[in-house]
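# Analysis of the macromolecular model
One-letter residues, chain by chain:
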Amino acid sequence: MYGGLFRFVGEMGFFNTLLGIIGFGIGIPLGLFMGFFLFIFSKPDKVKDPMIRPIYELDSDALEELIPEIPLWVKHPDFDRVDWFNKFLAAMWPYLDKAICPSIRAMTKPIFAEYIGTFRIQSIEFESLSLGTLPPKLYGFKVHETDENELVMETAIRWAGNPDVVLVLRLFSLQIRIQLIDLQIFAAPRIVLKPLVPAFPCFSNIVVSLLEKPHVDFGLKILGGDIMSIPGLHQFVQEAIRKQVLNLYLWPRVFEIPILDASVGATKKPVGILHVNVVKALRLSKMDLLGTSDPYVKLSLSGERLPSKKTTIKMNNLNPVWNEKFKLVVKDPESQVLRLRVYDWDKVGGHDRLGMQLVPLKVLAPHEKKELTLDLIKNTDINNHQNKKPRGQLVVELTFTPFRVESSKSSSQLDGCRSMVSQNERDIHDDFVGGGAGLLLVKIQGATSVEGKRHSNPYAVTHFRGEKKKTKMVKKCRDPVWNDDFQFMLEEPPLKEKIHIELRSRRSGHFGFLSKESLGHVEINLIDVVHNGRINQKYHLINSRHGMIHVEIQWTQYA
């Protein structure tokens with residue numbers, strides 16, 4: 001009896017094992033076939049608009065979770081609400097979607113092309129591309145006031161969007177559809193428009209940086225399932241994207257977008273000094289009745305509105321010797337040209353031009369003295385037959401000396417630690433910056449809250465080393481803007497000197513000189529300018545109730 005029972009149980013176990021083997025053999029091919037079918041013919045889900053609930057329908061737990069999401073204009077009083085901009089963005093979003101998506105396709109096309117042929121990839125293209133119906137929102141906006149020639153803005157952007165992005169990857173003759181879902185981007189960017197220039201759109205560059213770590217979250221749906229749900233993968237991808245973004249854009253790293261060419265509307269900074277030695281002239285033309293001339297030379301650089309420099313007049317001399325040296329500030333050695341014009345001085349009437357010549361600065365090597373003997377011509381018209389007439393020659397010596405950029409940088413670095421070094425080290429630093437000629441550039445940007453007793457037509461007067469230089473006058477204004485700069489070439493740094501700037505007002509009209517009054521003044525120690533290389537500050541005017549003046553001063557050594 002027991003033997004038959006055991007035999008029956010054994011036969012049942014055998015049949016179960018046999019059925020398991022058969023099921024396993026049939027299940028694997030069937031599963032592979034169904035997986036292949038889903039892999040090839042699966043379609044991405046249609047993106048649906050999310051359900052939005054009003055805040056009064058939320059319970060206390062849901063409201064507590066929303067506390068970190070309170071807008072910045074609630075947390076910080078200096079942030080402004082920008083509901084008007086969000087309404088504007090919502091109205092423009094369908095049109096922005098149609099305008100931005102073709103640009104995305106054009107930008108990604110060469111990127112996708114780099115992967116064609118690698119890993120047996122045949123093609124990568126967008127099956128559908130749309131930014132969805134939910135636009136990003138700005139949760140507060142703040143504008144910083146700085147003394148620099150720039151506009152600084154900060155905001156918080158949050159985008160929980162519903163974009164419809166489906167990418168088709170053809171691999172081994174198979175089509176793999178990848179769908180982007182549940183996109184969330186939270187970021188706090190700083191946007192800087194600089195420099196501000198007098199040409200539309202009035203700024204040359206857009207500089208963007210992130211003030212804190214961004215939040216980027218999304219899902220990737222393949223074969224109907226979100227692969228970002230795989231344990232560990234979501235966190236890995238999110239952290240990798242965050243690190244990449246931080247390495248590129250987290251402050252102080254920036255992303256710069258050029259808007260205007262650097263030469264459009266921008267004020268170029270001086271880059272060096274042109275040393276000119278007017279040596280002599282040979283065989284000049286005879287212009288006077290007695291068969292002689294009274295020559296002198298005028299020098300100027302193209303692109304500058306400064307008055308020309310002049311040599312002395314050599315009376316009754318057709319072969320004058322000057323050996324007079326001049327210094328001209330260079331802003332663009334690749335494009336600027338030195339203009340040399342020789343005149344015959346007359347006591348009455350205009351002075352006759354004996355000849356002229358041009359020297360492009362790009363022919364000069366830095367720090368290398370070059371002696372040129374120039375044939376004088378009438379003008380720059382090559383087709384003018386009068387240029388073939390001999391007018392004499394002019395001998396000049398030219399040397400272009402670039403500014404010492406690295407020394408000014410080290411000066412700034414040293415100055416940043418001046419409070420931490422000893423007096424001995426300060427004296428060493430003073431000796432380091434104390435030797436060598438340089439350029440002192442003074443820019444009077446503007447003033448605020450200035451008012452005279454009888455009139456307010458302000459202008460600024462700069463006094464330094466016996467020289468007096470004036471800005472233009474702005475009529476009937478309490479907050480004038482000048483942006484006028486003055487240059488002083490010095491043989492040594494002005495470590496123990498001051499510059500005096502006075503604001504004045506003059507009654508406009510023919511008898512304005514009879515009615516002038518002071519609106520206040522300020523004296524600035526230049527030792528900080530030498531050590532820092534540059535200062536840009538606003539100063540309270542002495543003898544003025546509320547007046548302030550905005551001054552930028554820069555010192556650059558070139559020898």
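Keep in mind that what you see is a predicted model, and the values were worked out from it rather than measured.

The predicted structure's coordinates, where accompanied by low pLDDT, should not be read in detail. Per-residue confidence for the chain gives a mean pLDDT of 81; residues scoring 70 or more make up 79%. By mean pLDDT, helix H6 (residues 405-416) is the weakest element of the chain at 42, and strand E20 (residues 458-464) is the strongest at 95. Under a pLDDT of 50 for its full length, residues 5-11 has, in the predicted model, 0 contacts with residues more than four places off or in other chains. This model gives residues 406-434 a pLDDT under 50, and the stretch forms 29 contacts once residues within four places in sequence are excluded.

An order of E14-E11-E18-E17 is seen for the 4 strands of this open sheet, with the pairing classed as antiparallel. Each having just a single partner strand, strand E14 (321-330) and strand E17 (370-375) make up the two edges of the open sheet. Here the average twist between neighbouring strands, direction ignored, is 25°.

What follows covers the environment of Ile-104. Within the secondary structure layout, Ile-104 lies in helix H4 (residues 83-113). Taking relative accessible area as the criterion, Ile-104 reaches 25% and is therefore assigned partly exposed. Here the alpha-carbon distance between Ile-104 and Leu-129, two residues 25 residues apart in the chain, equals 9.0 Å. The residues contacting Ile-104, other than those within four sequence positions of it, are Leu-129 and Leu-131.

Turning our attention to the sheet that holds strand E15 (residues 337-344). Within the open sheet, the 4 strands sit side by side as E13-E12-E15-E16. Their pairing is antiparallel. Strands with a single pairing partner mark the edges of an open sheet, and in this sheet they are strand E13 (309-310) and strand E16 (352-360). Alignment of strand E12 (residues 295-301) against E13, held across 2 bridges, turns out to be antiparallel. From the neighbouring strand, Leu-299 faces E13, where its bridge partner is Lys-309.

For H4, with 31 residues, the first-to-last C-alpha span of 42 Å sits near the 45 Å given by 1.5 Å per residue. Helix geometry: H4 is bent most strongly at Trp-93, by close to 55°, with proline Pro-94 lying one to four residues after it. All of the buried residues in H4 are Asn-86, Leu-89, Trp-93, Asp-97, Cys-101, Thr-108 and Phe-112. Those residues of H4 hidden inside the fold are in contact with strand E1 (121-130), strand E2 (137-144), strand E3 (151-161) and strand E4 (164-171).

Note that an α-helix has 3.6 residues per turn; residues three or four places apart therefore point the same way. For helix H5 (residues 233-249), built from 17 residues, the straight-helix expectation of 24 Å at 1.5 Å per residue is met to within 8% by its first-to-last C-alpha distance of 24 Å. For H5, every residue scored as buried is listed here: Gln-238, Arg-242 and Leu-246. One side of H5 carries all its buried residues, which in axial view fall inside an arc of 65°. Of the surrounding elements, those touching the buried residues of H5 are strand E8 (215-222).

Turning our eyes to something else, we now look at the pattern of salt bridges. Counted according to the given criterion, the structure contains 13 salt bridges. Salt-bridge contacts for Arg-177 lead to Glu-127; the nearest nitrogen and oxygen are separated by 2.8 Å. In this pair, Arg-177 sits in strand E5 (residues 174-187) while Glu-127 sits in strand E1, placing the two residues 50 residues apart along the sequence. On the basis of relative accessibility, which here comes to 38%, the residue Glu-127 falls in the partly exposed class. A salt bridge links Lys-472 to Asp-484; its shortest N-O distance comes to 3.1 Å. Of this pair, Lys-472 sits in the loop between strand E21 (467-470) and strand E22 (481-490) while Asp-484 sits in strand E22, and the two are 12 residues apart along the sequence.

This next bit is on the environment of Glu-523. Mapped onto the elements of the fold, Glu-523 is located in strand E24 (residues 516-525). You can call Glu-523 partly exposed: its relative accessible area is 46%. Linking Glu-523 and Tyr-539, residues 16 residues apart in sequence, is a C-alpha distance of 9.3 Å. Beyond its immediate chain neighbours, meaning those up to four positions away, Glu-523 contacts Lys-498, Ile-499 and His-500. Of the polar contacts made by the side chain of Glu-523, one reaches the side chain of His-500; its length is 3.4 Å.

On the surface, a nonpolar cluster with roughly 330 Å² of combined accessible area is contributed by Phe-88, Met-92 and Tyr-95. Assignment of secondary structure puts Phe-88 in helix H4. Looking at Phe-88, the relative accessible area reads 45%, which means it is partly exposed.

Okay, the layout of surface pockets next. In this approach a probe as big as a water molecule rolls over the atoms, and the regions it shows empty are the leftover space. In this structure, the second largest pocket encloses a volume near 1,600 Å³. In terms of lining residues, the second largest pocket is bounded by 36 residues, among which Pro-136, Ile-157, Trp-159, Ile-185 and Ala-187 are the most central. When residues in the lining of the second largest pocket are grouped by element, the largest group, 8 residues, is from H4. In terms of residue class, the lining of the second largest pocket is made up of 35 nonpolar, 1 polar and no charged.

This paragraph deals with the packing of aromatic side chains. Summed over the entire model, instances satisfying the criterion amount to 7 aromatic pairs. A centroid spacing of 5.7 Å and a plane angle of 85° characterise the contact between Trp-84 and Phe-85, whose relative ring orientation is edge-to-face. Accessibility expressed as a relative area gives 60% for Trp-84, which makes it exposed. By relative accessible area, which is 25% here, Phe-85 ends up partly exposed. Taken together through their ring pairs, the aromatic side chains of Trp-84, Phe-85 and Phe-88 make up a single cluster. For the cation-ring pair, Arg-158 lies above Tyr-139, with the distance from its terminal atom to the ring centre recorded as 5.0 Å. Here the guanidinium or amino end of Arg-506 rests over the ring plane of Tyr-459, the centre of that ring lying 5.4 Å away.

Thresholds applied
Residues numbered from 1 in each chain as written. Predicted model: local features only at pLDDT ≥ 70, side-chain atom pairs only at ≥ 80, totals over all residues. Heavy atoms only, no water. pLDDT = per-residue confidence, 0-100. Helix = DSSP H or I, 4+ residues; strand = E, 2+ residues; numbered from the N terminus. Contact = heavy atoms within 4.5 Å. Pairing = 2+ DSSP bridges. Axes fitted to C-alpha atoms, helices over the stretch in contact; angles between N-to-C directions. Buried < 20%, exposed > 50% of the residue type's maximum accessible area, 1.4 Å probe, protein only. Expected span 1.5 Å × (residues − 1). Bend = angle between axes of the 7 residues up to and from the residue. Arc of directions from axis to C-beta. Salt bridge = Lys/Arg side-chain N within 4 Å of Asp/Glu carboxyl O. Polar contact = N/O pair within 3.5 Å; in protein donor to acceptor, adjacent residues only side chain to side chain. Patch = residues over 30% accessible without salt bridge, like charges linked within 9 Å, V, L, I, M, F, W, Y side chains within 5 Å. Areas by Shrake-Rupley, 256 points an atom, 1.4 Å probe, with all protein chains shown as cover. 1 Å grid on protein atoms, 1.4 Å probe; cavity = no way out; pocket = protein on both sides within 12 Å on 5 of 7 lines; lining within 4 Å. Points joined across faces, edges and corners; volume = space filled by probe spheres on them. Nonpolar A, V, L, I, M, F, W, Y, C, P; charged D, E, K, R; others polar. Phe/Tyr/Trp six-rings, centres within 6.5 Å; stacked < 30°, edge-to-face > 60°. Lys NZ or Arg CZ within 6 Å of the ring centre and 35° of its normal.

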